[in-house]
Amino acid sequence: MRSEKYYTTGWISQILEGQISGNPDIEIQSISIDSRSLYLPEESIFFAIVGERHNGHKYIEYLYQKGVRAFVVSQAVAKQEHADASFILVENTLDALQKLTQEHRKQFNYPIVGITGSNGKTIVKEWLNQLLRNTFHVVRSPKSYNSQVGVPLSVWNLNSEANLGIFEAGISQPGEMSKLANIIQPTIGVFTHLGEAHRENFEDRQHLLSEKVKLFSTCEKIVYCADDPEIVNTFLLNLEAWQKQFTWARKRRALFRILHEKVEENRSIITVGVGEYSNEFVIPFTDRASIDNAISTYVVALVLGVDNNVLAQEMKKLEPVAMRLQIKEGFGNCTLINDYYNSDLGSLEIAIDLMSQQQTDKKKCVILSDIYQSGQTDKRLYSSVAHLLAKKKIDRIIGIGEHISRQKDWFDDHAEFYKDTDSFLSKFKRNSFKNELILIKGARDFHFERISNALQFKAHRTILEVDLNAMVHNLNYFRSLLQAQTKITVMVKAFSYGSGSAEIANLLQYHRVDFLAVAIADEGVELRNAGISIPIIVMNPEWHSFDTMIEYHLEPEIYNLKILQEFGKALAKNMVANYPVHIKLDTGMHRMGFMEEELDDLIDQIKNYNNIYIRSIFTHLAAADEARHDDYTLQQINQFKLWSDKLRKQFIYPIDRHVLNSAGIERFPQAQFEMVRLGIGLYGLSAVHQDKLMNVSTLKTSISQIKHITKQNTIGYGRKGIIDKDTRIGIIPIGYADGFNRKLSNGQGKVMVNGKLCPVVGNVCMDMSMIDLSDVKASEGDTVIIFGNDHPLSKMAEQLDTIPYEILTTVSRRVKRIYLQE
């Protein structure tokens, strides 16, 4: 994150009350906490944050080589190796980051809006930005940057050319809000909603509420809904007499009274009473959460002095907030990253960092619209954009909009500029985009979805959405169960359980897992070609693929003497020495692996190979997820320990051991050894603590056609769908060729339409199926959930009498994968 101000390392050390060594005159404009997303290293200061499972100090040498010369540390560093650098030693680097940005906040005296609540924070923030963009120059939190780290990074963006700041604050532990309040120091507070989110670390609902309202200690004005007596009482107890409350309510007394709400097809009409007067505004949403968020947004805008007539016109234009970026397959071997619902410098940095996560040899292209609400002059803004794109080595730049076009001199000579989207599309040639990673980043007004549609490869309306943030959440949950030194292998076989191999592997490599595991060599080759460099284990190696495995540095599972001998021959033929292998032991799964009586021969043969070394020894647990088999699982673990100890004693180098799968990580923490293998748990399925995980995959389609079929007619092939009453039938474009199992025919399977389950009617066809819509209000084009958050994959598995693994891995590759990331 970048500030307009330059601070010297000497000044920063005084603010942090730290001990500085090295150059005190290095000028700093940017803050970095992540070595993977570095921008302008020569003017950045790196805070080496220490967490439960990460330590920023490990990356100081790497960052130094990248050009960073200023560091805030809490551990001693060999400074003689970095004579031209500056190190500021503090007790706690996170506290120091917050302290520096708190001081930066004090430099500005314009209104600052602070938003908190269980839900709706980001929506209210983004809607305020939409409403106020023609009235104020706004600085706001990028995306959902509302944490102990996200808030200081957001506040660092405050600058003198802006005249309004909007920041959200979220907490998960007691004591956190006081720290965020000191950083944001809001003058206007907004409380959106009190729900169950993040309740687990608080005594009760009241405790959570009391913590959240600490954000408002500096606020002159506070906006909240007064319908909940508990919220009202908490505010009355915690606010001072000089703090003005701008309340709204439907049922109780409030300054803004909701007199009437009328929901029509695609809009809501809301009448608000203030004293003797009433005003009306319309929003293009009908759900209760959106209406509540819109009312809060409306009141805040009035508090900021926006004219009611102007505001009423702007409320009509409120647009949905895209919370996540989308990654899609594009035409000509291109990959598209869609982020065409907002455009600001902060979110541009985030999106480009996401591009950098995609380890690929594809050229990088950015299609960028005018940037709104930057709080900067066009000259300063677009010079910064050009500098950012140059630093990130963007190969191709396409600017769309009058403002960016006027500043084209800042950009590379090969950059292209168009006055609007129509001008670009009129000259668009799809075959001019080949083997590129394309970020499509624009403000809503430019309708960049038209560009995305022109570039995307598949138009099949059945899609599998893969929530990358949920996947990271699940990874971090399992990591939280491990000891700090325990390594982690993640299974990405079978197209990453149907989620998409390269995209998932890129994410896992970015989050520094230790190993990936695939089933066959071809899967590993695909990952190497996609730029994956971390170690890859092949769990089911085949003799004919050994040369390929050696060429692509893939590490085989060795499960019997014959395959050991054949792999040794392949290494000798390729003149390769010291090659890592992974030894599989059969302790009770009775699938592949060495039995106890084979261990002596195994040891003798490996000692005879000077071109092989054992990287790890492992086994498979047969029933780690079933408590009734725990005695057998413990027997397997004990046998594994004995057998692996015997092997390890014969070799002088360290050898890792791993036995635990996803269920094992949760249920047998004493058996972590040096490494674990995470599989189905990454994708959101647990046999133990399902409530701790987030759903990753949502298979969805839409209604192609609706027909009214009279009773005594039949539906589908073989006339199997017999109806005994007049029925509304919906045809959906998903069939068994997509992975929608034919066993779901004739009422066995159900899908979700507008919150209600609808049974399958007749036989599932190859490319489409029919569903009964008689009990749900639905229209052609409505979304149909096959499985997802509200209709879990486990339910579909029950309908099919199978396991979730099978369903995920049978979703056809013709189903377009869309990757979502905040």
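Keep in mind that this is a model prediction, so the values were computed, not measured.

**Student:** Describe the packing of aromatic side chains, listing the residues and the values that go with them.
**Tutor:** Scanning the entire structure with this criterion turns up 21 aromatic pairs. Relative to Trp-11, the ring of Tyr-7 lies with its centre 4.4 Å away and its plane at 10 degrees, an arrangement referred to as stacked. Ring plane angle 40 degrees and centroid distance 5.7 Å describe the contact between Phe-651 and Tyr-653, whose orientation is recorded as tilted. What makes Tyr-653 partly exposed here is its relative accessible area of 26%. Here the aromatic cluster, defined as three or more aromatic residues joined through ring pairs, consists of Phe-191, Phe-216, Tyr-224 and Phe-235. Here the guanidinium or amino end of Arg-69 rests over the ring plane of Tyr-64, the centre of that ring lying 3.7 Å away. Positioned above the aromatic ring of Phe-433, the side-chain terminus of Arg-396 is 4.1 Å from the ring centre.

**Student:** Break down the environment of Asn-92 for me, citing the residues and quoting the values.
**Tutor:** Locating Asn-92 in the fold gives a position in the loop between strand 6 (86-89) and helix 3 (93-105). Considering only alpha carbons, one finds Asn-92 and Pro-535, 443 residues apart in sequence, at a separation of 34 Å. A polar contact is formed between the side chain of Asn-92 and the backbone nitrogen of Leu-94, at a distance of 3.0 Å.

**Student:** How would you explain the sheet that holds strand 14 (residues 268-274) if you had to name every residue and give the values?
**Tutor:** Two orientations exist for strands paired in a sheet by backbone hydrogen bonds: parallel and antiparallel. The mixed open sheet is built from 9 strands, whose spatial order is 8-9-7-10-11-12-13-14-15. In this open sheet, the two edge strands, each paired with only one partner strand, are strand 8 (138-140) and strand 15 (277-283). The sheet shows a mean angle of 20 degrees between the axes of neighbouring strands, direction not considered. With 2 bridges connecting them, strand 12 (residues 244-249) and strand 13 (residues 256-263) associate as parallel partners. Pairing of Trp-248 across the sheet is with Phe-256, part of strand 13. Relative to strand 11 (residues 221-225), helix 8 (residues 229-238) is tilted by about 165 degrees, and along the sheet it contacts strand 10 (188-191), strand 11 and strand 12.

Conventions and cut-offs
- Here the residue numbering is sequential within each chain, running from 1 through the sequence in written order.
- Local features in a predicted model are, by the rule used here, given only for residues with pLDDT of at least 70; side-chain atom pairs are given and counted only at 80 or more, and totals for whole chains, interfaces and linings are based on all residues.
- Derived side-chain values reflect all non-hydrogen atoms in the structure, with water molecules and hydrogen atoms excluded from consideration.
- Each Phe, Tyr or Trp ring, with Trp reduced to its six-membered ring, pairs with another whose centre is within 6.5 Å; inter-plane angles below 30 degrees give stacked pairs, above 60 give edge-to-face pairs, and intermediate values give tilted ones.
- Each residue gets one of three labels from its accessible area relative to the maximum for its type: buried under 20%, exposed over 50%, partly exposed in between, using a 1.4 Å probe on protein chains only.
- The criterion for a charge sitting over a ring is simple: Lys NZ or Arg CZ within 6 Å of the ring centre, and within 35 degrees of the ring normal.
- The numbering of helices and of strands both runs from the N terminus, where a helix is a DSSP run of H or I of at least 4 residues and a strand a run of E of at least 2.
- Any N or O atom pair separated by 3.5 Å or less is treated as a polar contact, with the protein-specific requirement of one donor-capable and one acceptor-capable atom, and with residues adjacent in sequence counted only for side-chain atom pairs.
- Note on pairing: DSSP must find at least two bridges between two strands before they are called paired.
- Lines fitted to C-alpha atoms define the axes here, with helix axes fitted over just the stretch in contact, and angles between the N-to-C directions of these axes take values from 0 to 180 degrees.
- It only takes one pair of heavy atoms within 4.5 Å for two residues to be counted as in contact.

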